[in-house]
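# Observations on the model geometry
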Amino acid sequence: MADTREDQHKLLDALSRPLRDLRISLTDRCNFRCPYCMPIDQFGPNHPFLQRDELLTTQELVRTARLLVELGVEKIRLTGGEPLLRKEIVDIVGAIREIEGVQDIALTTNGSLLTPARAKALADAGLHRVTVSLDALQPHISARMNGVGFPVQRVLKAVDAALAAGLTPVKVNVVVRRSWNESEIVPIAERFRGTGVIVRFIEYMDVGTSNGWRLEDVVPAEEILRAIGEVHPLEAVPPRVPGEVATRYRYLDGMGEIGVIHSVSHPFCGGCTRLRLTADGELYTCLFATSGKPLRPLLRSGASDDEVREFLASLWRRRRDAYSALRTQETKRMGKVEMSRVGG
């Protein structure tokens, strides 16, 4: 018999890291063309996205999530692509909510489709939290960063919709790229100070092979913190839970907190507890992996829950990924999976 919820803490990978977090990509499609994720010259009109029959069904997604929760997963994040392009997303959230042992269900979105009605429907279905991507406040910088000229005011309305629906704490993710949007660091921090929204500044990462990543394009976390701290003093605060990807800082005047995700300058592979499932059923044990493990054939072969559970447990036990801690100039030439397939 495979591991069960009662002995979940025995399920450790090869580097003694437990399985706690599952990120499910609901689609590889997105209506933005952010240059750090889906640059338009690589993901143009003729790009071969997944067909409907290649996607895991709602039942397959939920079955996989349930078995992984039995193995120790506590937090599930729905990503994409843009997950709100998946028409049955409310049903997926509702079905995941029914899985015993799930403590947190979150969603990462670009905000373009997060209307007040959609936010309320998701909250009613059982979604707990929302993270909205927003890389700039200046319209011309924002338009360049999202690649399609989408109005920044509509993204800000999505943040308001999430707050109104109680999908809190709402977080705003900001990918910072040198010579693109580092001038927006302080304005974005100030825009959300005192609102309850937590801004997380993310170092530009070498995910995939299509974004032309260069180390010199990275704005290190220390520089981000210095820019904000010079205007609004900060102090570090401890993580809420083990394995958090963002290092937390609070404003000394009590006006909230921010976070920085520094996988380039200060890798945190040693505490990574995340498994990723793509929309077509590939399992990835690292955001920077070169290949995944196919699950869909097993799910569609009539395999029992015990067989699927053991497959999942075996995959995690063999895991020894530590890409960010081992990053070198050579790794730029590796054929890594694209972020749009596995989510951020």
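Please refer to the structure placed before this passage.
Below or above, wherever it landed, is the structure these notes cover. These numbers come from a predicted model, not from an experiment.

Next up on the list: the overall build of the chain. Across its full length, the chain carries 11 helices and 12 strands. Considering the chain as a whole, with its 344 residues, one finds that 55% of them fall into the buried category. Counting contacts in the chain only where the partners sit at least 6 residues apart, residues at least 24 apart contribute 74% of the total.

A word on the nonpolar core. Among the nonpolar cores identified, the biggest contains 99 residues, and Ile24, Ile76, Ile96, Phe192 and Phe201 are the most heavily contacted of them. Ignoring sequence-local partners within four residues, the contact set of Ile24 consists of Leu61, Ala65, Ile76, Arg77, Leu78, Thr79, Ile96 and Leu277.

On to the sheet that holds strand β5 (residues 171-176). Backbone-to-backbone hydrogen bonds join strands into a sheet, with any given pair of strands oriented parallel or antiparallel. Strand order across the open sheet formed by 12 strands is β7-β8-β9-β6-β5-β4-β3-β2-β1-β10-β11-β12, with mixed pairing between neighbours. Only two strands of the sheet have a single neighbouring strand rather than two, namely β7 (234-237) and β12 (293-294). Running at roughly 155° to strand β3 (residues 104-109), helix α2 (residues 89-97) makes contact with β1 (21-25), β2 (75-79) and β3 of the sheet.

Moving on, we come to the pairing of strand β4 (residues 129-133). Counting buried residues in β4 gives four out of five residues, a clear majority hidden from the surface. Since β3 and β4 lie parallel, the crossover through helix α3 (residues 116-125) that links them has a hand, and here it is right-handed. Where β4 meets β5, three bridges bridge the pair, whose relative direction is parallel. Looking at β5, one finds that Thr131 is bridged to Lys171.

Moving on: the side chain of Glu88. Along the chain, Glu88 turns up in the loop between β2 and α2. A polar atom in the side chain of Glu88 sits 2.8 Å from the side chain of Arg86. Not counting the four nearest positions on each side in its chain, Glu88 is found in contact with Arg52 and Thr58.

Here we take up the packing of helix α6 (residues 185-192) against helix α7 (residues 221-229). Contact geometry for α6 and α7: axes closest at 9 Å, N-to-C directions at 60°. It follows that α6 is oblique to α7 by the angle criterion. The handedness of the crossing between α6 and α7 is right-handed. Taking contact as the criterion, the partners of Ile185, Val186 and Ala189 in α6 are, on α7, Ile224, Ala227 and Ile228. The class makeup of the residues in the contact of α6 with α7 is six nonpolar, no polar and no charged.

Let us now look at the environment of Arg193. The topology assignment puts Arg193 in the loop between α6 and β6 (198-203). Setting aside anything within four residues of it in sequence, one finds Arg193 in contact with His232, Tyr251, Asp253 and Met255. Reaching out from Arg193, the side chain makes a polar contact with the side chain of Asp253 at a distance of 2.9 Å.

Residues of α7 that are buried: Ala221, Ile224, Leu225 and Ile228. Viewed end-on, α7 has its buried residues packed into an arc of 95°, placing them on one side of the element. Looking at the buried positions of α7, the neighbouring elements they touch are β5, α6, β6, β7, β8 (247-251) and β9 (257-261).

Reading the values: rules and limits
Residues numbered from 1 in each chain as written. Predicted model: local features only at pLDDT ≥ 70, side-chain atom pairs only at ≥ 80, totals over all residues. Heavy atoms only, no water. Helix = DSSP H or I, 4+ residues; strand = E, 2+ residues; numbered from the N terminus. Buried < 20%, exposed > 50% of the residue type's maximum accessible area, 1.4 Å probe, protein only. Contact = heavy atoms within 4.5 Å. Core = buried A, V, L, I, M, F, W, Y, C linked by side-chain atoms within 4.5 Å. Pairing = 2+ DSSP bridges. Axes fitted to C-alpha atoms, helices over the stretch in contact; angles between N-to-C directions. Right-handed = clockwise from strand over helix to strand, strands pointing away. Polar contact = N/O pair within 3.5 Å; in protein donor to acceptor, adjacent residues only side chain to side chain. Parallel < 35°, antiparallel > 145°, perpendicular 65-115°, else oblique. Left-handed = near helix turned anticlockwise from the far one by under 90°. Nonpolar A, V, L, I, M, F, W, Y, C, P; charged D, E, K, R; others polar. Arc of directions from axis to C-beta.

Geometric values such as these leave the question of function open.
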